[in-house]
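Single-letter residue listing:
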Amino acid sequence: MEIAPELLMALAAGTAGAAGQQIWESLKGLLRRRPQGAAPSGEAELEALGRSADDADRARELANVLALRAVQDPAFAQALESWRQKAEAWDAARPTGSGGVHNEISGGDFKGPVIQARDINGPLNFGR
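Quick caveat, the model's predicted, so the values are computed rather than measured. (Residues numbered from 1 in each chain as written. Predicted model: local features only at pLDDT ≥ 70, side-chain atom pairs only at ≥ 80, totals over all residues. Heavy atoms only, no water.)

Peer 1: Before we go on, may I ask you to explain helix α5 (residues 74-93) in this structure?
Peer 2: The α-helix winds at 3.6 residues per turn, so residues separated by three or four positions along the chain end up facing the same way. In a regular helix each residue adds 1.5 Å, so 20 residues correspond to 28 Å; α5 covers 29 Å between its end C-alpha atoms and thus fits that length. Each element contacted by the buried residues of α5 is listed here: α1 (5-12), α2 (17-32) and α4 (56-72). Two or three places before Ala75, at the opening of α5, Asp73 has a side-chain oxygen 3.1 Å from that residue's backbone nitrogen. (Helix = DSSP H or I, 4+ residues; strand = E, 2+ residues; numbered from the N terminus. Expected span 1.5 Å × (residues − 1). Contact = heavy atoms within 4.5 Å. Polar contact = N/O pair within 3.5 Å; in protein donor to acceptor, adjacent residues only side chain to side chain.)

Peer 1: What's the story with the packing of aromatic side chains in this structure? I'm lost.
Peer 2: Geometrically, a pair of aromatic rings is defined through the distance of the ring centres and the angle of the planes. The final tally for this structure, using the stated rule, is zero aromatic pairs. Over the face of the ring belonging to Phe76 we find Arg69, whose NZ or CZ atom lies 4.2 Å from the ring centre. (Phe/Tyr/Trp six-rings, centres within 6.5 Å; stacked < 30°, edge-to-face > 60°. Lys NZ or Arg CZ within 6 Å of the ring centre and 35° of its normal.)

Peer 1: Any chance you could explain the environment of Glu81 here in plain terms?
Peer 2: Mapped onto the elements of the fold, Glu81 is located in helix α5. Residues Glu81 and Glu2, 79 residues apart in the sequence, show an inter-C-alpha distance of 9.2 Å. Among the polar contacts made by the side chain of Glu81, one reaches the side chain of Arg84 at a distance of 2.4 Å. One polar contact links Glu81 to Gln85, side chain to side chain, over a distance of 3.0 Å.

Rendered as structure tokens:
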């Protein structure tokens, strides 16, 4: 079973909204449920990604530990598969992008008003 590192990064970023945060917290809970002394737990990798959500290497490390643990523990594998399905459904339903806008104006001959916006409802008037 494979969990996409990009999905883990999106959830770890904390910008996922309430549903995404709930899914992230449920992964924490899932990792805590294990037989005493069983290794690897994945908790350290999860915490490391939580501190550096944009670190692809940490996301891959967590994904690898999750896969290893799933191979070693069939009950964990089943619970992780259920978690993965919920996380992927959340990922598919969320809006793409952060909603940010990037505009670049170059060249020395530009004259005129410039507006940077994402959502505009209604007319624009430049006062000319």
